[in-house]
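Read off the chains here:
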Amino acid sequence: MAVLSPWTRRMFLKGNNMPSRPVFTFFFLKQNTDSCHKHACGFSTAPEGEDMLLNASKKTQNKPTAKAVTISRAMKAYMEQAKAYDDKMKAEVADYEIGKRHLANIMGEDPDSFTQADVDRAIEYLLPSSIYDKKARPIMKDPYEVFPKKKAAQFGLDGRPYHWMYFTILPNYYSMLYEITWKLEALKEAEDQLRAERRLEEMEGQVFNAASSEWLSLHALKTKLVENIKEKEYNHFVTMMERLAAHPLSGREQEFIMSWRISLQAEQLESAVQELEVEEGGRMCATAKGTRKSSNAIVKVYKPGSGNFIINGKDLTYFTQNMYRETLLLPFIVSGLLGKVDVEADVEMGGPTGQAGAIRLGLSRALTAFVDEDVKEKMRLSGLLTKDPRKKERKKPGQEGARRKFTWKKR
Amino acid sequence: MAASIPKKLGTLASRAGLALRKSVFPLENGSQACACLSVAAKRSENNQRSSFRTNEADPRKHTLDHTGLYYEIPEDEMTILKTGIPSGHLRLMKSFNESCLMVRRPALELSGYLKNINLNHPAPRFVLYGRRGSGKTITMHHTMQCCHRNGWIIVHVPWAGKWVRGWFKEVAASTFKPGRYDLPADSAEWLTQFRAQNQGKLQDLKTTSEYIWTKREKAEIGTSFEEIINFGLTRLKFSSDCVGVILKELRAQAQAKGLKVLVAIDSVNAFYVQWNKLNALKNMEKKQLQPGEISLIHNFKKMINTNWTHGAVVCAVSEEANDETKRESYTPIYLLGQEGFEALDPFVPIFVPEYSEKEALSNINYFIDRNWIQNHYGKTDDGKRELMFVSNKNPFNLARICSHL
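Read on for an overview of the structure. As a convention, each chain's residues are numbered from 1 in the sequence order in which they are written. For naming, the first written chain is A and the first written ligand is 1, with later ones following in the order written. With pLDDT at 70 or above as the cut-off, local features in this predicted model cover only qualifying residues; side-chain atom pairs require 80 or more to be listed or tallied, and sums for whole chains, interfaces and linings still use all residues.

Across its full length, chain B carries 14 helices and eleven strands. When the 405 residues of chain B are sorted by exposure, 39% land in the buried category. Distance between backbone-placed C-beta atoms decides contact: two residues are in contact if it is within 7 Å. The long-range fraction of contacts in chain B, counting pairs at least 24 apart against all pairs at least 6 apart in sequence, stands at 74%. Secondary structure elements follow DSSP: runs of H or I no shorter than four residues count as helices, runs of E no shorter than two count as strands, and numbering proceeds from the N terminus. For every residue, the other C-beta atoms within 10 Å of its own C-beta are counted; 20 or more classify it as buried, 12 or fewer as exposed, and values in between as partly exposed. C-beta atoms are placed from the backbone.

Put into structure tokens, the structure is as follows:
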């Protein structure tokens, strides 16, 4: 790519006289030592990129220019790459469509109405895999989901970049910072004006409310800007944004700030509780499932009751140690239903700790059917409705257990 | 123990930010430990009409109305009854400075049976069974106190499991019959206990046949029981034989003399079920002994037979007496095994349940009254309900949980 440089310089010199151009050339050179398309990227994906390219050429054609249209070698190289990519993707898409129809025939379903969800189901059925990591299991997906996206060209046919910050390497990122700064300056000006006019009371309550949302993560920001942003740049972004959000009039820029934040939605309660069943005599029953480690429990709670607790047909002596009974006590304490309901639990697999935990989770879920929203929220905050995701760690080869190594012996 | 109670009280007091003023309380019993504990004892005087206590100290007069209430046992009777009461329970009694037991339904049922039996019939047998810590032993002691007041002679085995376990125990070949083995220390201990439990009831009893110990020593006809016991205690070699003599004479004379004999055997299943290999008794050739080969057990098995009258047999079966692999159920038929069940059959089974709600509340209130529960939450209704839930209303469990509140 470095071969481009003399040509580029010549082209620059041919155009309007701009004194700072050699400096730009330097940047361009430096950038092109890396892979070309990596940094010269845009928001759009490959199929749209083609349109953009057309638009770009139209734009240049529309311009009244005296000289003949020359296509830069960088652009040529890009166009070749783009064509190769498009051809490849076209072939892949065709393969995928045929494969999908084959799959539909194998499964005996209608090939025309065979969706991606059906494909996934069919693959899981035909190629069952017990590999732990789901990413490592066989898949068949749309090629555009599988292959990395190609970025559109960031410069026109004459080799001039569209974006005025193209040579900063991170044009989207830096233009965003510019935007923040300008907005902050505008707010400061407005504040000064209000102060000068002694309308301070108007400023009250105009601060941006940061509750229930947080800044985009580094990864999310990378995806949004389609630029390879590093930790340092991300921290800079957060600092600038917080400065803006802390301004007394930041509420006016609510929409802009929120476009760089993600709102935290309240954790959805798992709808494990079924509808309340009403038995004869007006006795209500709620059923829920619970799991912990390898144990599974199905818990039925009856109200009104007298505090009976039956586990697998036995009473609480099913658990010989007090610790496990204390585990079961907590949902009752938080919900305030100790002695007011009857419980029947069926539990299987695992040891006493897992079984007690599974019953506790199922019990808490079932009890939510009998309490109001406040208590339910209290139970959620106590962690009663959250599943404990921990499992037994697998044994590793060459080791005695999950972590423990064999005793080291000299000889 | 005496040292540990003030320690506990001290730690509790310091936790609550209070200074325990030991010197304020009068030193009634002369020891520092009792000085602290007398606080609790004094309070009860003002609190005579509490909901968990009854003034009816005579166990013979207890009725179903008294269930769940505590009654106090006088100190002189405690010396007779305290053998066999679990050590933890005894420690509590000492801490509370009074010996109280709860009146419970199985004990009333058993006393009712004993009150109404016809003594001329062969000795009836009652088997107490229930979960661990549900109060079988205490039920037995309640009955024993009734019988003691009625003038019964008490033949009490506090814990039969002790006789089949072999932790550094002296085993001697029997002098009476080859192939049988004596436990001199255990026999002597039982003789002492028997003498203590039946003080004042044994003067009139004399042997009815001659017993020859050795060529030179023998017990003539008409030797008093006291002498036999003394002989067993001085000549440990014959102590097991002395136990056999006493039991045999009791069986023989019960009808003739109009005696009333209560045989109370705790964890009777140890007589029939083999204890595990590791700790079992072994003879001089390191061969494991069967329970029937031990002369003490052999003699007591005869007391369980129905071939004598003017007596009653009260047994309890407990899981602890069985090997760990044989504790799946608490029913007599499982714990006794084929042999034991056949030996005891027919018997009256009496189930000792865990506390009812009323009894559990009464127990917790008693602990609160004795300042054993000092945590404020433990005194509230919610706290009491939690205690009942976690302990599953099992008396032993409840006491264990309350011990650190």
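Next up on the list: the interface of chain A and chain B. At the interface, nine residues of chain A touch eight residues of chain B. Any residue outside Ala, Val, Leu, Ile, Met, Phe, Trp, Tyr, Cys, Pro, Asp, Glu, Lys and Arg is labelled polar, Gly included; the first ten of those are nonpolar and the last four are charged. Here the side of chain A that touches chain B is composed, by residue class, of three nonpolar, three polar and three charged.

What follows concerns unusual backbone geometry. Looking along the chain, the bond that leaves A:Lys303 and enters A:Pro304 is cis, with omega of 0°. Counting through the fold element by element, A:Pro304 comes out in the loop between strand E5 (295-303) and strand E6 (309-311). The omega angle of the peptide bond from B:Asp345 to B:Pro346 is 0°, so this bond is cis rather than trans. Of note, B:Pro346 is situated in the loop between helix H11 (332-344) and strand E11 (348-351). The phi angle at B:Asn392 is positive, at roughly 55°, despite the residue not being glycine. Looking at where B:Asn392 falls in the secondary structure, it is placed in the loop between helix H13 (381-391) and helix H14 (395-402). The class for B:Asn392 is buried, based on 20 C-beta atoms found within 10 Å.

Right, let's get into the pairing of strand E4 (residues 284-292) of chain A. Within a regular strand, side chains alternate between the sheet's two faces. All names here are of chain A. In this sheet, E4 lies alongside strand E3 (residues 277-278) in antiparallel orientation, the contact comprising two bridges. Residue pairing across strands places Glu277 opposite Cys285, the latter belonging to E4. The criterion for strand pairing is that DSSP finds at least two bridges linking the strands in question. Between E3 and E4, which pair antiparallel in sequence order, lie five residues; one of them, Gly281, sits at a positive phi of approximately 80°. Here nine bridges tie E4 to E5, and the two strands are oriented antiparallel to one another. Among the inter-strand pairings, Ala286 is bridged to a residue of E5, identified as Val301. Where E4 hands over to E5, the hairpin turn is made up of two residues, of which Lys293 adopts a positive phi near 50°.

Our focus in this paragraph is the pairing of strand E7 (residues 342-348) of chain A. Residues and elements named next belong to chain A. Burial along E7 is one-sided: Val343, Ala345 and Val347 are buried, while Asp342, Glu344, Asp346 and Glu348, pointing the other way, are not. The sheet contact formed by E5 and E7 spans seven bridges and is antiparallel. Within the sheet, the bridge partner assigned to Ile298 lies in E7 and is Asp346. Where E6 lies against E7, three bridges are found, and the strand directions are parallel. Its bridge partner being in E7, Phe309 is matched across the sheet by Val343. By convention a crossover is right-handed if, when the strands point away from the viewer, the path from the first strand over the helix to the second runs clockwise. Read from E6 through helix H12 (residues 322-335) to E7, the crossover connection turns out left-handed.

Glancing now at the sheet that holds E7(A). Residues and elements named next belong to chain A. The strand order E3-E4-E5-E7-E6 describes an open sheet built from five strands, whose pairing is mixed. At either margin of the open sheet sits one strand with a lone partner, and together these are E3 and E6. Lines fitted to C-alpha atoms define the axes, with helix axes restricted to the stretch in contact, and inter-axis angles between N-to-C directions lie between 0 and 180 degrees. Lying over the sheet, helix H13 (residues 352-367) contacts E4, E5, E6 and E7, oriented at roughly 140° with respect to E4.

Between H12(A) and H13(B), the least distance of the axes is 8 Å, while the angle of their chain directions is 130°. Overall, the two elements H12(A) and H13(B) adopt an arrangement that is oblique. In the packing of H12(A) onto H13(B), the handedness of the crossing is right-handed. On H13(B), the residues touching A:Asn322, A:Arg325, A:Glu326 and A:Leu329 of H12(A) are B:Glu386, B:Phe389 and B:Val390. Its residues placed into classes, the contact of H12(A) with H13(B) shows three nonpolar, one polar and three charged. Every angle not falling under 35 degrees, over 145, or within 65 to 115 is termed oblique; those three ranges are roughly parallel, roughly antiparallel and roughly perpendicular. Two helices cross in a left-handed way if the nearer one is turned anticlockwise from the farther one by less than a right angle. They cross in a right-handed way if the turn is clockwise.

What follows deals with the sheet that holds E11(B). Residues and elements named next belong to chain B. Here five strands make up an open sheet; going across it, the order is E4-E9-E10-E3-E11 and the pairing parallel. Only two strands of the sheet have a single partner each, and these edge strands are strand E4 (153-157) and E11. Averaged over all neighbouring strand pairs, the angle between strand axes comes to 15°, with direction disregarded. Summarising the sheet, E4 and strand E9 (residues 261-265) pair through five bridges and their orientation is parallel. Bridging across to E9, Val157 finds its partner in Ile265.

Looking now at the nonpolar core. We call a set of buried Ala, Val, Leu, Ile, Met, Phe, Trp, Tyr and Cys residues a nonpolar core when their C-beta atoms link them within 7 Å. By size, the foremost hydrophobic cluster in this structure holds 90 residues, and its most contacted members are B:Leu128, B:Cys242, B:Leu262, B:Val314 and B:Cys315. Here the limits of each domain have been adopted from an automatic or database domain assignment. The residues that make up this core include at least three from each of domain 1 (4-103 + 354-402) and domain 2 (106-351) of chain B. Core analysis: the next-biggest nonpolar cluster, separate from the first, contains 26 residues, A:Ala288, A:Val341, A:Ile359 and A:Leu361 among them.

Residues and elements named next belong to chain B. Contact geometry for helix H7 (residues 184-197) and helix H8 (residues 225-234): axes closest at 9 Å, N-to-C directions at 150°. Handedness of the H7/H8 crossing: left-handed. Packed against H7, whose contacting residues are Ser187, Ala188, Leu191, Thr192 and Arg195, the element H8 presents Ile229, Gly232 and Leu233 at the interface. Residue classes in the contact of H7 with H8 are distributed as four nonpolar, three polar and one charged.

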